[in-house]
Each structure stands twice: as structure tokens, then as C-alpha cells.
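Analysis of the macromolecular model
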Amino acid sequence: MRRILKACQRRFEILARQFGSRRPAQAVAIWMKQAWQLSQRERLSLAEALVQVDARLQARYRRYLGRRGEHWPPVGNAPLLFCDAGLGGLARWLWAAGQEAIWSRAQDDRQLVEQALQAGAVLLTTDTLLLERRVIRTGRLRALWIPPTLEVIEQLALVFTQLELKLATPRCMRCGGRLEQVPKATVADRIPPRTARWLDEYFLCSVCGNLFWQGTHWQQILNRLRTLGSTGLNDA
Ligand SMILES: [Zn+2]
């Protein structure tokens, strides 16, 4: 709990500076208090309330940029997403939801930031210290903080809401590569007989060669993605 409290405090400090607040410490205190009141009112844990307040502030920051004629992220553009080492689970769900995402196993912050910059990506990270780097504060590298306390599906919803993404054609859940439909006959030897009896559409990953079909497991994944509809997930 102390970890998330500290992380949120640092997040709020960064946000206060982004808003150009003259008294950042006061702004942070107000937001921390709001989170505490929210947790009391809605009977949430303080961590859950802090995450909600953070999401609201992020949305407010987007409107603030909009009024100044700036946009974050670029409107109408599906950004390349860069997940840090701890977000492998999120990367797989982003791929299932059709997003172009790279999962970096780099543990070193400098390396991670450099890779994301080079790729022209939006960095997704659970590390608030990283957000204090100059390259992120100045907006050269865009980054989104992912609270580590969230379930992976909640992390996905947060990314979709904050970056205004839309569901797209699913990608390979193993590596993120594009899937290409292939004639059933060409992969017949790789299809379990039970599946072959009722399914005719098969897809190969253009990168790792893994074979996919929209079986029951896939339907479960789609259903979970669709349950996020109210948080901004829409079919493309
Ligand atoms: Zn693949």
C-alpha cells in the first residue's frame, strides 16, 4: 500500500507540474484528499480511489492540452505502444485487441527510453520514477503510467480510454505479428481433428508462424474485450 501511495504522490507531482501549477505540493495534497474522500464515499480501497483520481486528472490534462491547441496523443492515429518489461501480460492483450505493441524486456531505464524514442512509440510503464525523466517531462517521449495494482484487463481498459484506441483486427498473441488467413488444406496437418470438424477459417502469424483459429478460447477473449465497451472500447 505504501508503494502505491508513494507512486501516486509522485504521479500527482508530475501532473501538477504539467498543469503549470504554481503550488504543486498544494495540488498534490488536494488530489490525495479527493482520493481519500472517494474511497470513503464509494467504499473503495485507497489504491483503487487513487487510480480513479489519476485517470480523471489524465483526462483533464488531455482537455487542457486540447484547449491550448495541442493533442496528446495525435488524434486519429493508432500509436505504436511500447510496454516495459513488467507489462508482458498487457502486451498480449493489446495484441489480441489488434494494437501494434512492442514488449521490451530491457530492465535498464535508459535503454528502455532510448528504444521507445527510436521507435517513435508511446511508452507504457508501471515505473513512476521513469516519468520524471526529462525526455518525458518535456513531451519528447510520450508515456502513460500503468498502475501496477490493476488487473491486466483493467490496464487494457485504461490504455484504450487514455489513448482513445479502437478494437482492430487481432494480432498474434504470442508475438504481436499480423495474422494472415490461409486455406485450411495447407495447414490441415496442424489442426486438431476435433477443431477441423467444425471450423474452416485458419490464420498464420506472419512473424512466428503460429497457427490460430477462432475457437472457444478465442471467443472467450473476444467476450472479455467486449465487456470493456463502456470504457471506450469500440469495434473498429
Ligand atoms: Zn506470432
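Residues numbered from 1 in each chain as written. Predicted model: local features only at pLDDT ≥ 70, side-chain atom pairs only at ≥ 80, totals over all residues.

**Considering the domain arrangement of the protein chain**
Domain parsing of the protein chain yields domain 1 (2-67) and domain 2 (81-168 + 227-231). Just the C-alpha atoms count here: the centres of domain 1 and domain 2 sit 19 Å apart. Of the residues lining the interface, nine residues belong to domain 1; the matching set on domain 2 comes to nine residues. Those elements that place two or more of their residues in the side of domain 1 that touches domain 2 are helix H1 (2-18) and helix H3 (46-67). If one sorts the elements of the side of domain 1 that touches domain 2 by residue count, H1 sits on top with five residues. Here the side of domain 1 that touches domain 2 is built from residues that sort into six nonpolar, one polar and two charged. (Domains from an automatic or database assignment. Contact = placed C-beta atoms within 7 Å. Helix = DSSP H or I, 4+ residues; strand = E, 2+ residues; numbered from the N terminus. Nonpolar A, V, L, I, M, F, W, Y, C, P; charged D, E, K, R; others polar.)

**Section: the sheet that holds strand S5 (residues 179-182)**
Strand order across the open sheet formed by three strands is S5-S6-S7, with antiparallel pairing between neighbours. Only two strands of the sheet have a single neighbouring strand rather than two, namely S5 and strand S7 (211-212). Pairing analysis gives four bridges linking S5 to strand S6 (residues 202-205), with the strands arranged antiparallel. Bridge pairing in S6 places Glu 180 opposite Leu 204. (Pairing = 2+ DSSP bridges.)

**Overview of the sheet that holds strand S4 (residues 143-145)**
Ordered by their spatial adjacency, four strands build an open sheet running S2-S1-S3-S4, and the pairing between neighbours is parallel. Both edges of this open sheet fall to strand S2 (101-103) and S4, since each of them pairs with a single strand only. When strand polarity is set aside, the average angle formed by the axes of neighbouring strands in this sheet is 20°. Bridging between strand S1 (residues 81-83) and S2 involves three bridges; their strand directions are parallel. Across the sheet, the residue bridging to Phe 82 is Ile 102, located in S2. (Axes fitted to C-alpha atoms, helices over the stretch in contact; angles between N-to-C directions.)

**Some points on the environment of Ala 185**
By the element assignment, Ala 185 lies in the loop between S5 and helix H8 (193-198). Look at Ala 185 and you get exposed, because 8 C-beta atoms sit within 10 Å. Between the C-alpha atom of Ala 185 and that of Asp 200, which follows or precedes it by 15 residues, the distance is 9.5 Å. (Buried ≥ 20, exposed ≤ 12 C-beta atoms within 10 Å, placed from the backbone.)

**Looking at H3**
Residues spaced three or four apart along an α-helix point in a common direction, a consequence of the helix completing one turn every 3.6 residues. In this model H3 runs 31 Å from its N-terminal to its C-terminal C-alpha over 22 residues, within 8% of the 32 Å that 1.5 Å per residue would give. Taken together, the buried positions of H3 are Ala 47, Ala 49, Leu 50, Val 51, Val 53, Asp 54 and Leu 57. Elements that come into contact with the buried residues of H3 comprise H1 and helix H2 (24-42). Directly beyond the C-terminal end of H3, a positive phi value near 80° is found at Gly 69. (Expected span 1.5 Å × (residues − 1).)

**Some remarks on the packing of H2 against H3**
Two elements in contact, H2 and H3, have axes whose closest approach is 8 Å; the angle formed by their N-to-C orientations is 125°. Viewed along their axes, H2 and H3 adopt a mutual orientation that is oblique. H3 is crossed by H2, and the crossing has right-handed handedness. For the pair H2 and H3, contact is made by Trp 31, Gln 34, Ala 35, Trp 36, Leu 38 and Ser 39 and by Leu 46, Ala 49, Leu 50, Gln 52, Val 53 and Leu 57, respectively. In terms of residue class, the contact of H2 with H3 is built from nine nonpolar, three polar and no charged. (Parallel < 35°, antiparallel > 145°, perpendicular 65-115°, else oblique. Left-handed = near helix turned anticlockwise from the far one by under 90°.)

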